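# Secondary and tertiary structure notes
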Amino acid sequence: MRILVTGGTGLVGKSLNEYLNSVFFQFVNNFKFVSSKDANLLVKSEVDNLFKNNKYDAIIHLAAQVGGLYKNMNNNLDMYNDNMCINKNIIEACHENNVKRGIFCLSSCVFPAHPSSFPMTEETLHCGKPHESNYGYAHAKRQLEVICKLYNTSYNRNYICVSPVNLYGSHDNFSIDDGHFVPSAIHRMYNSKLENKRWFSVYGTGNAFRQFLYAPDFARAIVTILFDNSIKDGVFNICETKQDGTIPEYRIIDVIKMISNSLDFSQENINYDIQKSDGVMKKTVSGKKFIDKYPDFEFTPLEEGIKTTVKWMVDNFDDIRK
Ligand code: NDP
């Protein structure tokens, strides 16, 4: 089986590559990891060239314009246009080149901002507006689910969507301005430590709840679904969920404590700027559909994942994306 992986240089792409190398090294060469250097997926002719001399049986489509709160808020229209364009180019090329199976990436942050109840299941993806802050990214991702479903019903394709919660791990984008909460907080606190700053400030009360997923766990989930021929379509939320339906969520304050423990930064020097917004207090999604199918799937504890991520960032500080 030949599998094309777009977004091969990103957080998830690198985690997937490392996972395959550690567990399925005999199959690594069946996977072709590509980045924007191989083809700008915004340009259809470049996408077509990717497929020209290669026959792929499946795709793992990770490439996207991705970012934290501020990148989304400041570039809402571009996030919509770019992601719509990349996804349309890719899925059309897959169909034209008879790629029968694929894993396509959504995100829990594209679910409704004000759902009628928690936790949100896969069925509620389109049941209410996404948050204004990532309106463009969210609608483009929701359309990816729509287009996969239409190709499945019209042409009998097996295009499956996975929707992870907040990802973090080695190889993340640690940009303070454009990165997600975990990598950006790690980088900012590390700078405070290097500069011997006395205080580290966090926006909001720290009481908002969030779910987190270690990128190598997500890579494992992707491979699990890709090679499970009993799955032909649909959306799978990927997040830690216990057999009894309990969903671990963490307060921002707890995550900050884990980061400060890993960086050896005194918790007494962390203050919470309660004049600033907490954002949505809760946006719980359920991973029950996934865990019911794979009851033995194990998730890395958040504290352990953060410790490994912090160490990786410190060890690779000169070369990280920032
Ligand atoms: P990264 O930002 O780490 O990586 C993005 C990848 O996409 C890079 O390989 C980049 O290539 C590639 N890419 C971006 N634009 C283009 C383009 N025009 N042409 C070709 N390649 C392009 O993303 P993640 O690994 O974090 O995200 C992977 C997937 O997971 C995405 O679909 C994202 O929406 C989803 N997701 C991510 C979450 C997170 O917290 N990070 C949470 C939920 C979902 P290059 O390096 O060459 O620029």
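The coordinates are above.
A short tour of the structure in this document, coming up. (Residues numbered from 1 in each chain as written. Predicted model: local features only at pLDDT ≥ 70, side-chain atom pairs only at ≥ 80, totals over all residues. Heavy atoms only, no water.)

A word on the site of the ligand. Taken together, 28 residues lie around the ligand, and T9, L11, S36, Y137 and R321 are the ones closest in. In this structure, an oxygen atom belonging to the ligand sits 2.9 Å away from a main-chain N or O atom of L11. Residue N40 places a side-chain N or O atom 3.0 Å away from a nitrogen atom belonging to the ligand. Considered on its own, the ligand offers 910 Å² of accessible surface; in the complex 88% of this is hidden by protein. Within the residue set of the shell around the ligand, elements represented by two or more residues are α1 (11-23) and α5 (135-155). In the shell around the ligand, the residues fall into 16 nonpolar, 10 polar and 2 charged. (Near = heavy atom within 4 Å. Polar contact = N/O pair within 3.5 Å; in protein donor to acceptor, adjacent residues only side chain to side chain. Areas by Shrake-Rupley, 256 points an atom, 1.4 Å probe, with all protein chains shown as cover. Helix = DSSP H or I, 4+ residues; strand = E, 2+ residues; numbered from the N terminus. Nonpolar A, V, L, I, M, F, W, Y, C, P; charged D, E, K, R; others polar.)

With an omega of -5°, the peptide bond between F118 and P119 qualifies as cis. Within the secondary structure, P119 is located in the loop between β4 (101-105) and α5. In this model, N156 sits at a positive phi of 60°, which is unusual for a non-glycine residue. Note on placement: N156 falls in the loop between α5 and β5 (158-164).

Within the largest apolar cluster, 69 residues are counted, with the highest numbers of intra-cluster contacts made by F51, I60, F104, F218, I225, I238 and F290. The dominant element in this core, judged by the number of residues it contributes, is helix α7 (residues 215-226), at 8 residues. Sequence-distant contacts of I225, that is, excluding residues within four places in its chain, are made with R101, I103, I160, V162, I231, F236, I238, F290 and Y294. In terms of nonpolar packing, the next biggest core, distinct from the first, is built from 26 residues, M189, V202, M258 and F317 among them. (Core = buried A, V, L, I, M, F, W, Y, C linked by side-chain atoms within 4.5 Å. Buried < 20%, exposed > 50% of the residue type's maximum accessible area, 1.4 Å probe, protein only. Contact = heavy atoms within 4.5 Å.)

Here the focus is the packing of helix α6 (residues 181-194) against helix α8 (residues 252-263). Between α6 and α8, the shortest axis-to-axis distance is 10 Å and the interhelical angle comes to 45°. Taken together, the axes of α6 and α8 are oblique relative to one another. In the packing of α6 onto α8, the handedness of the crossing is right-handed. Contacts from F181, V182, A185, I186, M189, Y190 and K193 in α6 reach I252, V255, I256, I259, S260 and L263 in α8. By residue class, the composition of the contact of α6 with α8 is 11 nonpolar, 1 polar and 1 charged. (Axes fitted to C-alpha atoms, helices over the stretch in contact; angles between N-to-C directions. Parallel < 35°, antiparallel > 145°, perpendicular 65-115°, else oblique. Left-handed = near helix turned anticlockwise from the far one by under 90°.)

With that out of the way, let us pick up the sheet that holds β5. Across the sheet, 6 strands lie side by side as β2-β1-β3-β4-β5-β10; this open sheet has parallel pairing. Each edge of the open sheet carries a strand with a single partner, namely β2 (31-33) and β10 (235-238). For this sheet, the mean angle separating the axes of adjacent strands, direction not counted, is 20°. In terms of strand pairing, β4 meets β5 through 5 bridges, oriented parallel. Counted as the bridge partner of G102 is Y159 from β5. Of the strands in this sheet, β1 (3-6), β3 (58-61), β4 and β5 are in contact with helix α4 (residues 76-96), which crosses β3 at around 170°. (Pairing = 2+ DSSP bridges.)

This part covers the side chain of S260. Counting through the fold element by element, S260 comes out in helix α8. Here the side chain of S260 touches K257 through a polar contact of 2.9 Å, landing on its backbone oxygen. Setting aside residues up to four positions removed in sequence, S260 forms contacts with M189, F265, Q267 and I270.

Okay, a nonpolar patch on the surface next. A grouping of L69, Y70, M73 and Y203 is seen on the molecular surface, where their side chains present a nonpolar patch of about 400 Å² in accessible area. Per element, the largest residue contribution to the nonpolar patch is 3 residues, and it comes from helix α3 (residues 69-74). Take L69: it is sitting in helix α3. (Patch = residues over 30% accessible without salt bridge, like charges linked within 9 Å, V, L, I, M, F, W, Y side chains within 5 Å. Salt bridge = Lys/Arg side-chain N within 4 Å of Asp/Glu carboxyl O.)

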